[in-house]
Amino acid sequence: MAERIRARRLLTEQGWLEHQVLTHEGGVITAIGPIPANDPVREVELLVPALIDGHVHGGAGVDVMDEAADTLARLSLAKAAEGVGAFLATTVTAPLPAILSTLGRIADAMASPLPGAQLLGSYLEGPYFTPDNKGAHDPALFRELDLAELDRLQQVARGTLKVVALAPEKTGAQAAIRHLRQAGIRVMLGHSAADHDTTMAALAAGASGLVHCFNGMRGLHHREPGMVGAGLVHPDAWLELIADGHHVHPSVLRLCHCCARDRLLLITDAMRAAGMPDGHYLLGDYQVEMK
């Protein structure tokens, strides 16, 4: 049965439309048109598409790496409460058996709908990083790139592995990028000490962009543009950004927007403490205090 939502402003691919009626049936939009002049009802002020969080580790007290059966369902509900319609469940550097187990659980969860936001697949963040700019990843667990190991990860994920993050200066990085792209998996670059030229070479080999730009990488310098500079000027590089005003200064967010425009991907990169009261929480094996 068709339902209608009347909004003062509605956001579409063409920009904001004023005083619109959106008609949907079974969750599918069937029509968008002006509110008739003789219909004074305005049910909502603003109507926008649901957000997509393409890089999130957890929230509401749970982490993607948790083994509890209801972990992804709880995260799905938490994301939906934030206005997120779909998300990529993101891993953290851990022993290989734990990563394999998590990828398998994500694949299992995708076999049936979750109660909130849609699970789009998995995002492997680590263990293919380098110690410089490691962030919250444990360098003792970093691994070298191995094509057979990458194939094993894909097999366990059963087609649900969508993104692999890696440091482009690692031995065999370009071969790994080409191998993953042939399998339809995007490669993002980060947690790395790579310079501008190494980053450009990785993007030329098929890498898609940068993991949370500016965070976990060499910054922008006028004589060595670094990984950030390569991402800003490369015409096809997607730039993830944590736009909370803390991870990246608001003026730098504006700079990124001036350079990248539609290549920006806003992410939360949230961990289990998101939406929770102040206290101590685990991120991987690290104790994090939230105030």
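Further up the page is the structure itself.
Residues numbered from 1 in each chain as written. Predicted model: local features only at pLDDT ≥ 70, side-chain atom pairs only at ≥ 80, totals over all residues. Heavy atoms only, no water.

## Some details on the nonpolar core
Selection rule: By nonpolar core we mean a set of buried residues, namely Ala, Val, Leu, Ile, Met, Phe, Trp, Tyr and Cys, connected to one another through side-chain atoms within 4.5 Å. Each residue is assigned to one of three classes by its accessible area relative to the maximum for its type, calculated with a 1.4 Å probe on protein chains only: buried under 20%, partly exposed between the two thresholds, exposed over 50%.
By size, the foremost hydrophobic cluster in this structure holds 42 residues, and its most contacted members are Leu153, Leu161, Leu166, Ile177 and Leu189. Ranked by size, the runner-up nonpolar core spans 13 residues in total, among them Val64, Val84, Ala89 and Ala109.

## Structural notes on the sheet that holds strand β13 (residues 238-242)
Keep this limit in mind: Strands qualify as paired when DSSP identifies two bridges or more between them. By definition, any uninterrupted DSSP run of H or I lasting at least four residues is a helix, any uninterrupted run of E lasting at least two residues is a strand, and each is numbered from the N terminus.
On the basis of which strands lie adjacent, the open sheet formed by eight strands has the order β5-β8-β9-β10-β11-β12-β13-β14 and parallel pairing. Two strands lie at the open edges of the sheet, namely β5 (51-56) and β14 (264-267), each paired on one side alone. Across four bridges, the pairing between β13 and β14 is parallel. Among the inter-strand pairings, Leu241 is bridged to a residue of β14, identified as Leu266.

## As for helix α2 (residues 96-109)
Each full turn of the α-helix corresponds to 3.6 residues, which orients residues three or four apart in the same direction. Worth spelling out the cut-off: The span you would expect from a helix comes to 1.5 Å times its residue count less one.
With 14 residues, α2 extends 20 Å between its outermost C-alpha atoms, agreeing within 8% with the 20 Å of an ideal straight helix rising 1.5 Å per residue. Along α2, the residues that are buried comprise Leu96, Ile99, Leu100, Thr102, Leu103, Gly104, Arg105, Ile106, Ala107 and Ala109.

## Focus: the pattern of salt bridges
Cut-off, in case you're wondering: When a carboxyl oxygen of Asp or Glu is within 4 Å of a side-chain nitrogen of Lys or Arg, the pair counts as a salt bridge.
Throughout the structure, instances matching the rule amount to nine salt bridges. A salt bridge links Arg9 to Glu18; its shortest N-O distance comes to 3.1 Å. Between Asp108 and Arg158 there is a salt bridge; the shortest N-O distance is 2.6 Å. Of the two residues, Asp108 sits in helix α2 while Arg158 sits in the loop between α3 (147-157) and β10 (161-166), which places them 50 residues apart along the sequence. Connected through shared salt-bridge partners, Asp53, Lys79 and Glu82 make up one network.

## Observations regarding the packing of α2 against α3
For the record, the criterion: Note on method: axes are straight lines fitted to C-alpha atoms, helices fitted across the in-contact stretch only, with angles between N-to-C directions ranging 0 to 180 degrees. It only takes one pair of heavy atoms within 4.5 Å for two residues to be counted as in contact. All residues other than Ala, Val, Leu, Ile, Met, Phe, Trp, Tyr, Cys, Pro, Asp, Glu, Lys and Arg, Gly among them, are scored as polar; the first ten of these are nonpolar and the last four charged.
The contact between α2 and α3 brings their axes to 7 Å, and the two run at 35°. Counted together, Leu96, Ile99, Leu100, Leu103, Gly104 and Ala107 of α2 and Glu149, Arg152, Leu153, Val156 and Ala157 of α3 form the full contact between these two elements. Looking at the contact of α2 with α3, its residues break down into eight nonpolar, one polar and two charged.

## Remarks on the packing of α3 against helix α4 (residues 173-182)
Going by this rule: An angle below 35 degrees is read as roughly parallel, one above 145 as roughly antiparallel, one from 65 to 115 as roughly perpendicular, and any other as oblique. Left-handed describes a crossing whose near helix is turned anticlockwise from the far helix through less than a right angle; right-handed describes the clockwise counterpart.
Contact pair α3 / α4: the axes reach a minimum separation of 10 Å and the direction vectors enclose 30°. Taken together, the axis directions place α3 and α4 in an arrangement best described as roughly parallel. For the element pair α3 and α4, the recorded crossing hand is right-handed. Across the interface between the two elements, Leu147, Leu150, Asp151 and Gln154 of α3 pack against Ala175, Ala176, His179 and Leu180 of α4. Tallied by class, the residues present in the contact of α3 with α4 amount to five nonpolar, two polar and one charged.

Honestly, it's all geometry; don't read function into it.
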